[in-house]
Amino acid sequence: MSAAFQGKLALVTGASRGIGASIARTLGGKGAHVILTARTEAGLIETEDAIHAAGGSATIAPLDLQAYDDIDRLAAALASRWQSLDLLVLNAATLGTLTPLPHATPKEFEQVMALNVTAQWRLIRAFDGLLRRGRGTVVALTSSVATQARAYWGPYAASKAAFEMMVAVYADEMRALGVNVLLVDPGGTRTSMRAKAFPGEDPASLKTPDVVAEAIARALPGLKPGCTRLKVAKDGSASLEDMPSSLG
């Protein structure tokens, strides 16, 4: 257990596997009560069982993030039980198909934007009141392609660029209200999304999601107001950078 997380309430999206599951287990192991969301209930139960086995506490809330009204209902349910939210972890995302930009289908482009941008906005919108009351933190998982153009990654890169700007704007708006943002670039990590993007890569050459989760846990206490970027290197080392603000 950790004094920094003891008694805190965290909601983690995409908590059924990969980085999301690791973040949830790490926070739960350090004393936070974790609300676990994802579409796959079986994976959520596995994460919940792991947290309970380690002496932590968690609640599962199966959720399709593209069923936007269900996000609002979840926020209302949490508000009826808890007064505030300390951590909102925006981890869930979809890669789409890596293809030349003109070859991306309108349907797939819209699906990537719906989950990676619109659903994230709906989460911020729905949980804003709880975050303000808790003077909480939004942990937003991003990618290097948000700022570095990479051929064939068009829809995903565009969605992550929009996502980064959206959470940075929110951080700027909340600067005086006590809500901050930790923007996390996990780098190459042993996940199913990474395997889909780089099928020929040796997974053993990549760090595990647990390494990313621990880096996030170390960075969270004492964050400055506004938006801070956390980059996790291949060897697991991490660096923090304060993002520019319109307020100087």
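Preceding block: the structure.
Overview of the structure. (Residues numbered from 1 in each chain as written. Predicted model: local features only at pLDDT ≥ 70, side-chain atom pairs only at ≥ 80, totals over all residues. Heavy atoms only, no water.)

Here's the deal with the environment of glutamate 164
The line we're drawing: Helical segments are the DSSP runs of H or I of at least four residues, strand segments are the runs of E of at least two, and each set is numbered from the N terminus. By the convention used here, residues are in contact when the closest approach between their heavy atoms is within 4.5 Å.
For glutamate 164, the position within the fold is in helix 5 (residues 154–174). Sequence separation between glutamate 164 and threonine 147 is 17 residues, and the spatial gap between their C-alpha atoms is 9.2 Å. Excluding residues within four positions of it along the chain, glutamate 164 makes contact with Thr142, Ser143, Ala146, Thr147, Leu183 and Arg229.

Observations regarding the packing of aromatic side chains
The condition that has to hold: Pairing of aromatic side chains requires ring centres within 6.5 Å, counting the rings of Phe and Tyr and the six-membered ring of Trp. Pairs whose planes differ by under 30 degrees are stacked, by over 60 edge-to-face, and all others tilted. Each residue is placed in one exposure class: buried if its accessible area under a 1.4 Å probe, protein chains only, is under 20% of its type's maximum, exposed if it is over 50%, and partly exposed if it falls in between. Either the NZ atom of lysine or the CZ atom of arginine qualifies as a charge over a ring when it sits within 6 Å of the ring centre and within 35 degrees of the ring normal.
Applying the stated criterion to the full structure yields two aromatic pairs. Aromatic side chains tryptophan 153 and phenylalanine 198 sit 5.9 Å apart centroid to centroid with 40° between the ring planes, which places their arrangement in the tilted category. With tryptophan 153 in the loop between strand 5 (137–141) and helix 5 and phenylalanine 198 in the loop between helix 6 (192–197) and helix 7 (209–219), this residue pair connects regions lying 45 residues apart in the sequence. The buried category is assigned to tryptophan 153, whose relative accessible area is 9%. A network of ring pairs unites the aromatic residues Trp153, Tyr156 and Phe198 as a single cluster. The ring of tryptophan 153 carries arginine 150 above its face, with NZ or CZ at 5.0 Å from the centroid.

Points about the pattern of salt bridges
Heads up, the condition is: The term salt bridge refers to a pairing of a side-chain nitrogen on Lys or Arg with a carboxyl oxygen on Asp or Glu at a separation within 4 Å.
As enumerated under the stated definition, the model contains 11 salt bridges in all. Note that arginine 229 and glutamate 164 form a salt bridge whose closest N and O atoms lie 2.7 Å from each other. With a gap of 65 residues between them, arginine 229 in strand 7 (residues 227–232) and glutamate 164 in helix 5 connect regions that are remote in the sequence. Neither arginine 229 nor glutamate 164 differs from the other in exposure class; each is buried. The partner of aspartate 242 in a salt bridge is lysine 224, with the nearest N and O atoms 3.3 Å apart. Placement of the pair is aspartate 242 in strand 8 (residues 238–242) and lysine 224 in the loop between helix 7 and strand 7, with a sequence separation of 18 residues. Judged by its relative accessible area of 44%, aspartate 242 falls in the partly exposed class. Among the charged side chains, a salt-bridge network with shared partners connects Asp69, Asp72, Arg122 and Arg125.

Brief notes about the packing of helix 4 (residues 106–134) against helix 5
We count it as follows: To obtain an axis, a line is fitted to C-alpha atoms, over the contacting stretch when the element is a helix, and the angle between two such axes runs from 0 to 180 degrees between their N-to-C directions. For this classification, under 35 degrees means roughly parallel, over 145 means roughly antiparallel, 65 to 115 means roughly perpendicular, and everything else is oblique. Handedness of a crossing follows from how the near helix is turned relative to the far one, being left-handed for an anticlockwise turn of less than a right angle and right-handed for a clockwise one.
One way to put it is that helix 4 packs onto helix 5 with a least axis distance of 9 Å and a crossing angle of 15°. As the angle between them shows, helix 4 and helix 5 are arranged roughly parallel. Crossing of helix 4 against helix 5: the hand is right-handed. Contact residues: Phe109, Val112, Met113, Asn116, Val117, Gln120, Trp121, Ile124, Asp128, Leu131 and Arg132 in helix 4; Pro155, Tyr156, Ala158, Ser159, Ala162, Phe163, Met166, Val167, Tyr170 and Met174 in helix 5.

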